[in-house]
Amino acid sequence: AYNFSAGPATLPEAVLRQAQAEMLEWHGAGASIVELSHRGPEFLQVAQEAEADLRALMSIPDDYAVLFLQGGATSQQALIPLNFAAPGQKADYVLTGHWGKTAIKQAKPYVDVNVAASSEADGYRDVPERGAWRLSDDAAYVHITANETIHGVEFRDIPDVGDVPLVADFSSSIVSEPLDVSKFGVIYAGAQKNLGPVGVSVAIIRRDLLERAGQPRADIFTYASHASKESMLNTPPTWNWYLAGLVFKWMRAQGGVEAFAASNQRKSALLYDVIDGSGGFYRNEVAAGARSRMNVPFFLKDEALDKPFLAEAKAAGLISLKGHRALGGMRASIYNAMPEAGVEALAGFMRDFQQRNG
Ligand code: PLP
């Protein structure tokens, strides 16, 4: 089946096959890679290659640390104010959907959150224009959600916020297209959409920010400590890190982020064309310039058709299309690992379903 789940999401079949082949014994080591010490030569090589491959894929400058951490993106949302803001300092948040809300919720105990701009009143259908943002004079950072996984709203340009570090949640769009990392203070992402299995998060942090005092906190919640120990301050999620490393190698073999950017553009355009060309049978209300290339939420004109749509899609081998409970309707998540053939099959099914029910 083609799996349109938003995360955990489909992984490249080649990656799963390789993991299966290597699961029982790691290259003559006498044990599986999940059974070996994270400090042993076998895993250290896996870890170092994964970091090098991600650096190459994203052209990450040397003055950025790359961390592989336990905890999901939500944990990063709490660690960011703890590490980068002084107690009670202001931090600016631009709210464009559900995950921006969770970022604010996690930050509120630690910082004076200023919602610099929000599309909430409009049902999160657009990214507020940069000119309308009300940034604070003395913010510790500006936080955005690069791609809102539930609402299907994506920043298509990196906003200019001057000298204040831009912190961005890229959980659902990291490595989906070339990105100028140097425009950001921090990029973070849970792995379970574009990077691999859930259980590891990636944080890419400009090194000067690691020197900020932040707030009183335990060492284990300190990015600088993780950076100084190369993400081995405690036992890292080795299996997840290994699988993410396989995804990075697979991506490089497929032509890197440039190749995925082109295919992601084609895939998302195909679905939006079906929706927009359906004469209102399908509906996506996000402003054209802010539509996500990764998550395509859509509604059927008659809610009574939702159940048959999902059942027939499943029978056609198209699974996990039910929209998030916060929004209802449908959602097709089409990350890097979703082949174009899967999106073509969905587009064909949608046209056919409309013909039979329109
Ligand atoms: N941010 C975004 C954009 C997400 O899509 C998600 C999860 O789906 C999260 C944050 C939360 O991630 P986690 O469940 O790994 O904490």
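Residue numbering note: each chain is counted from 1, following its sequence as written. Only residues with pLDDT of at least 70 get local features here, since the model is predicted, and only at 80 or more are side-chain atom pairs given and counted; chain-wide, interface and lining totals rely on the full set of residues.

The protein carries the name Phosphoserine aminotransferase in an unreviewed UniProt entry, which gives Marilutibacter penaei as its organism. UniProt positions are given in the numbering used here, feature names are shortened, and annotations may be inferred rather than shown by experiment. Of the comments in the UniProt record for the protein, the one headed Subcellular location (unreviewed entry) reads "Cytoplasm". Regarding the protein, the relevant UniProt record gives this comment under Function (unreviewed entry): "Catalyzes the reversible conversion of 3-phosphohydroxypyruvate to phosphoserine and of 3-hydroxy-2-oxo-4-phosphonooxybutanoate to phosphohydroxythreonine."

**As for the UniProt feature "domain: Aminotransferase class V" (unreviewed entry) in the protein**
UniProt records the feature "domain: Aminotransferase class V" (unreviewed entry) for residues 2-346 in the present numbering. Taken end to end, residues 2-346 is 32% helix and 17% strand, and its two terminal C-alpha atoms sit 9 Å from one another. The way it works is that DSSP assigns letters per residue, a run of H or I at least four long becomes a helix, a run of E at least two long becomes a strand, and they are numbered from the N terminus.

**What about the sheet that holds strand β4 (residues 112-118)?**
Across the sheet, seven strands lie side by side as β2-β10-β9-β8-β5-β3-β4; this open sheet has mixed pairing. Across the chains shown, the open sheet's two edge strands, defined by having one partner strand only, are β2 (64-69) and β4. For this sheet, the mean angle separating the axes of adjacent strands, direction not counted, is 20°. By definition, two strands form a pair when at least two bridges between them are found by DSSP. When β2 meets strand β10 (residues 201-206), the two strands line up antiparallel, connected through six bridges. In the strand pairing of β10, Tyr64 is matched with Arg206. Remark: residues whose backbone-derived C-beta atoms lie within 7 Å of one another are considered to be in contact. Comment: axis = line fitted to C-alpha atoms, over the contacting stretch for helices; angle = value between 0 and 180 degrees taken between N-to-C directions. Where helix α3 (residues 73-84) meets the sheet, its contacts fall on β3 (90-95), β8 (166-169), β9 (186-190) and β10, and the angle it forms with β9 comes to roughly 155°.

**Some remarks on the pairing of strand β5 (residues 142-145)**
In the case of a regular strand, side chains alternate between the two sheet surfaces. Buried means a residue has 20 or more other C-beta atoms within 10 Å of its own C-beta, exposed means 12 or fewer, and partly exposed covers the counts in between; C-beta atoms are placed from the backbone. With burial as the criterion, each face of β5 is covered, one bearing Val142 and Ile144 and the other bearing His143 and Thr145. Bridging between β3 and β5 involves two bridges; their strand directions are parallel. Counted as the bridge partner of Tyr93 is His143 from β5. Relative to β8, β5 is paired through four bridges, and the arrangement is parallel. Bridge pairing links His143 to Val167 in β8.

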